Amino acid sequence: MDRVFSFPRPRPRGLLGRRFELDEQLVLLGGIVLAVGLLAGLPGIPLKIIGALGAAGTCIYVTMVPYQGRTFLRWYEIRRSHRRLLRDGKLLYKSTAPLAGRRRDGTPLPVAQPAGVPASLEWITAKTAYGDIAVLLQPTEGMFVTCIEVEGAKNFGGLDSADKEVLISAYEYLLKETAESGGRIEYVQWLARLLPTDPNAHAHDAAARRDPAAPSWLSDSYDQLVDMVSVRAEDRRLFLVLGIPYTQELSAEALTYKTLHDGYGEVLGKEIEQFIRGLGGAQLRWVRNLDEPALASLIHHAYAPDHWINDTRGMDRASCWPAEMDAREPTRMAARSWEGADPWYTSTAWIKQFPVLPVGINFMAPLLLYVSDVILTVGVTMRLLPADKALEDAMADVTNEAGQADNRPGKIADPREERELGASASTMYDLANGAAGVRLTGWVTVTAPDPELLVQHRNTVRAAAVKSQLALEWCDSEQYRAFANTLPMVTGLLKD
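Since the structure is predicted, the reported quantities are computational estimates derived from the model, not experimental observations.

Draft legend 1. Broad picture of the overall build of the chain. Each helix and strand in the chain was counted, giving 14 helices and 15 strands. Scored against the burial criterion, the 496 residues of the chain give a buried share of 44%. For the chain, long-range pairs separated by at least 24 residues make up 72% of all intrachain contacts whose partners lie at least 6 apart in sequence.

Draft legend 2. Up close: the packing of helix α1 (residues 22-41) against helix α2 (residues 45-64). Closest axis-to-axis distance for the α1/α2 pair is 8 Å, and the angle between their directions is 175 degrees. Taken as axis vectors, α1 and α2 run roughly antiparallel relative to one another. Residues Glu 24, Val 27, Leu 28, Gly 31, Leu 34, Ala 35, Leu 38, Leu 39 and Ala 40 of α1 lie in contact with α2, whose contacting residues are Lys 48, Gly 51, Ala 52, Ala 55, Cys 59, Ile 60, Val 62 and Thr 63. For the contact of α1 with α2, a count of residues per class yields twelve nonpolar, three polar and two charged.

Draft legend 3. Structural view of the pairing of strand β13 (residues 375-385). Among the eleven residues of β13, eleven are classified as buried, and the element is accordingly described as predominantly covered. Neither face of β13 is left uncovered, since the one carrying Ile 375, Thr 377, Gly 379, Thr 381, Arg 383 and Leu 385 and the one carrying Leu 376, Val 378, Val 380, Met 382 and Leu 384 both have all their residues buried. The pairing of strand β7 (residues 187-196) with β13 spans eight bridges and is classified as antiparallel. Of the residues in β13, the one forming a bridge with Leu 191 is Gly 379. In terms of strand pairing, β13 meets strand β14 (residues 437-448) through eleven bridges, oriented antiparallel. Within β14, the position partnered with Thr 381 by the bridge is Thr 441.

Draft legend 4. Spatial organisation of the environment of Ala 423. Relative to the helices and strands, Ala 423 is located in helix α12 (residues 415-432). Classification of Ala 423 as buried rests on a relative accessible area of 5%. Counting along the chain gives 22 residues from Ala 423 to Glu 401, while the straight-line C-alpha distance between them is 9.9 Å.

Draft legend 5. The arrangement of a positive patch on the surface in detail. Residues Arg 83, Arg 84, Arg 87 and Lys 90 make up a contiguous surface patch of positive charge. Residue position: Arg 84 is located in helix α3 (residues 72-88).

Draft legend 6. View of the UniProt feature "transmembrane region" (unreviewed entry) in the chain. Within this structure's numbering, the places UniProt gives as "transmembrane region" (unreviewed entry) are residues 26-43. Within the segment residues 26-43, helix and strand shares are 89% and 0% respectively, and the terminal C-alpha atoms sit 27 Å apart.

Draft legend 7. Region of interest: helix α9 (residues 292-303). With twelve residues, α9 should reach 16 Å at 1.5 Å per residue; the first-to-last C-alpha distance of 17 Å fits that figure. Among the twelve residues in α9, eleven count as buried, and that is most of the element. Those residues of α9 not exposed but buried are Glu 292, Ala 294, Leu 295, Ala 296, Ser 297, Leu 298, Ile 299, His 300, His 301, Ala 302 and Tyr 303. For α9, the N-terminal capping position is held by Asp 291, with its side-chain oxygen 3.1 Å away from the main-chain nitrogen of Ala 294.

Draft legend 8. Spotlight on the pattern of salt bridges. For the structure on display, the rule yields 19 salt bridges. Across the salt bridge formed by Arg 80 and Glu 77, the nearest N and O atoms sit 3.1 Å from each other. With Arg 80 and Glu 77 both in helix α3, this residue pair falls three residues apart, about one helical turn. By relative accessible area, which is 34% here, Arg 80 ends up partly exposed. Taking the relative accessible area as the measure of exposure, Glu 77 reaches 37% and is therefore partly exposed.

Draft legend 9. Region of the structure containing the nonpolar core. Trp 123, Leu 295, Ile 299, Tyr 303, Trp 321, Leu 487 and Met 489 are the most contacted members of the largest nonpolar core, which totals 46 residues. Residue assignment for this core shows that the elements contributing at least two residues are β5 (133-138), β6 (143-151), β7, β8 (234-245), α9, β11 (333-336) and α14 (479-483). Residue contributions to this core peak at seven residues, all from α9. Setting aside its immediate chain neighbours within four residues, Ile 299 contacts Trp 123, Cys 320, Trp 321, Leu 487, Pro 488 and Met 489. With 32 residues, the next largest nonpolar core counts Ile 133, Leu 137, Tyr 264 and Val 380 among its residues.

Draft legend 10. Structural view of the packing of aromatic side chains. In total, this model carries five aromatic pairs according to the counting rule given. Taking 5.2 Å as the distance between ring centres and 50 degrees as the angle between the ring planes, the aromatic pair formed by Tyr 130 and Trp 286 counts as tilted. Of this pair, Tyr 130 sits in the loop between β4 (122-126) and β5 while Trp 286 sits in strand β9 (residues 285-289); the two residues are 156 residues apart in sequence, bridging distant segments of the chain. On the basis of relative accessibility, which here comes to 28%, the residue Tyr 130 falls in the partly exposed class. For Arg 70, the ring lying beneath its charged end belongs to Trp 75, and the centroid distance is 4.7 Å. Over the ring of Trp 75 we find Arg 79, and its NZ or CZ is 4.4 Å from the ring centre.

Draft legend 11. Layout of the side chain of Ser 297. Mapped onto the secondary structure, Ser 297 falls in helix α9. There is a polar contact of 3.3 Å between the side chain of Ser 297 and the backbone oxygen of Trp 308.

Draft legend 12. Seen up close, a nonpolar patch on the surface. On the surface, Ile 60, Tyr 61, Met 64, Val 65, Phe 72 and Tyr 76 cluster together into a nonpolar patch covering about 550 Å² of accessible area. The set of elements that each furnish at least two residues to the nonpolar patch consists of α2 and α3. At three residues, the largest contribution of residues to the nonpolar patch is made by α2. With respect to the helices and strands, the residue Met 64 is situated in helix α2. Judged by relative accessible area, which is 44%, Met 64 ranks as partly exposed.

Draft legend 13. Broad picture of helix α13 (residues 451-467). The terminal C-alpha atoms of α13 lie 25 Å apart, and with 17 residues this matches the ideal 24 Å at 1.5 Å per residue to within 8%. Structurally, α13 contributes buried residues whose contacts are with β12 (344-353), α10 (365-368), β13, β14 and β15 (471-474). The N-cap residue of α13 is Asp 450: its side-chain oxygen and the backbone nitrogen of Glu 452 are 3.2 Å apart. After α13 finishes, the residue Gln 469 shows a positive phi value of roughly 60 degrees.

Rules behind the numbers
Residues numbered from 1 in each chain as written. Predicted model: local features only at pLDDT ≥ 70, side-chain atom pairs only at ≥ 80, totals over all residues. Heavy atoms only, no water. Helix = DSSP H or I, 4+ residues; strand = E, 2+ residues; numbered from the N terminus. Buried < 20%, exposed > 50% of the residue type's maximum accessible area, 1.4 Å probe, protein only. Contact = heavy atoms within 4.5 Å. Axes fitted to C-alpha atoms, helices over the stretch in contact; angles between N-to-C directions. Parallel < 35°, antiparallel > 145°, perpendicular 65-115°, else oblique. Nonpolar A, V, L, I, M, F, W, Y, C, P; charged D, E, K, R; others polar. Pairing = 2+ DSSP bridges. Patch = residues over 30% accessible without salt bridge, like charges linked within 9 Å, V, L, I, M, F, W, Y side chains within 5 Å. Areas by Shrake-Rupley, 256 points an atom, 1.4 Å probe, with all protein chains shown as cover. Salt bridge = Lys/Arg side-chain N within 4 Å of Asp/Glu carboxyl O. Lys, Arg positive; Asp, Glu negative; His and termini not counted. Charge placed at Lys NZ, Arg CZ, Asp CG, Glu CD. UniProt positions renumbered as here; feature names shortened; annotations may be inferred. Expected span 1.5 Å × (residues − 1). Polar contact = N/O pair within 3.5 Å; in protein donor to acceptor, adjacent residues only side chain to side chain. Core = buried A, V, L, I, M, F, W, Y, C linked by side-chain atoms within 4.5 Å. Phe/Tyr/Trp six-rings, centres within 6.5 Å; stacked < 30°, edge-to-face > 60°. Lys NZ or Arg CZ within 6 Å of the ring centre and 35° of its normal.

Now the structure itself:
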């Protein structure tokens with residue numbers, strides 16, 4: 001039997017029940033209190049009725065009625081933050097890297113990063129048996145972040161069910177081992193980067209370099225060889241980003257070395273090296289560690305794809321950010337690299353809901369494999385949970401779904417409630433049978449060289465997401481912040 005996956009419906013988490021977020025509950029509670037106060041304080045029955053209904057109705061409207069895809073309460077904070085950053089000029093960024101100096105040890109001084117990126121980043125170099133690797137300390141997030149490039153099974157879609165099950169079980173074992181072994185890695189982020197390439201580039205190059213004086217039989221032979229060679233039209237890269245929370249224990253261990261910087265490098269290097277050693281058991285091939293130039297090149301490439309990922313010349317902690325960035329437009333963000341004169345436009349969407357109906361292993365293939373001629377980044381951020389914690393949360397979700405269902409005698413059962421209860425119960429049984437426990441969220445970033453093409457690519461990606469049973473929500477008025485969730489930063493998931 002082919003393995004299937006089901007994701008429970010995301011539920012808001014508030015103090016009272018699971019129907020509304022905490023801020024929505026506070027607004028509704030405030031509306032009730034205000035309505036009662038108006039009933040007690042206003043003179044005359046008509047004024048009491050109008051005042052109470054007006055206060056209660058306004059609070060219900062701002063928290064429950066859809067408004068341009070979201071509720072008014074959701075839009076309020078988003079637009080307030082956007083207007084504040086517009087007023088402060090922070091959505092228009094120009095890098096100061098050409099003016100940045102260097103420390104005495106030769107390392108460049110970090111420069112201010114664009115809006116949306118965690119502030120006050122510190123760069124650390126960790127030592128591993130696989131080479132040096134760059135580690136980013138995010139003080140505001142309390143997180144150390146590092147990135148490696150990996151390669152999965154190239155013919156995964158063509159394997160039979162038994163082989164696919166083996167590969168999935170191997171990956172589950174890696175996640176469970178990381179969560180249960182007492183290591184410090186708690187967050188894992190997958191970044192799948194898709195870039196269209198010219199399938200006729202080699203033929204064009206051969207035509208440009210052709211020697212007119214070459215014998216005809218040699219030219220004909222080479223033309224036949226070019227026709228027989230299969231050329232891939234996409235360049236697909238897969239990156240694995242690891243997040244290690246900053247703790248007092250980790251800091252105390254780092255203090256036992258000569259300097260705190262060296263201590264972090266040694267301690268974090270051991271954790272990263274141990275994780276890389278386990279990649280083979282998960283049927284993942286380690287490709288390379290991203291040191292400071294490689295990580296800086298990847299970040300710069302994410303803003304402007306005309307800078308190639310593997311081009312690390314002159315890339316460091318100062319030049320990793322775009323030369324210019326403009327995030328004032330609510331629906332998109334524009335950025336220019338150091339090499340190009342024209343900006344690139346990006347738009348990011350949040351995966352609002354994963355499939356609530358059972359799906360197969362390849363359910364994301366329409367988005368990850370079948371989208372062509374689109375520059376696309378898909379990021380999935382996961383927090384690894386120990387088995388007992390994951391099972392406890394799943395059982396609580398099942399209890400809440402059952403408790404919120406309206407099962408009064410004589411009332412017709414709501415099939416939506418039955419479906420949500422079944423999805424939550426399925427997750428609980430999967431965890432009880434040994435599945436890895438994670439909390440996850442997903443983001444999709446589309447990049448194009450002009451705004452009109454960006455709109456077309458957004459529609460293409462939305463159609464592919466529908467085929468994958470994913471619900472996307474474009475993060476208008478907060479593109480600068482949403483885009484950072486597809487950078488190798490392990491962001492986009494609430495920390496609790």
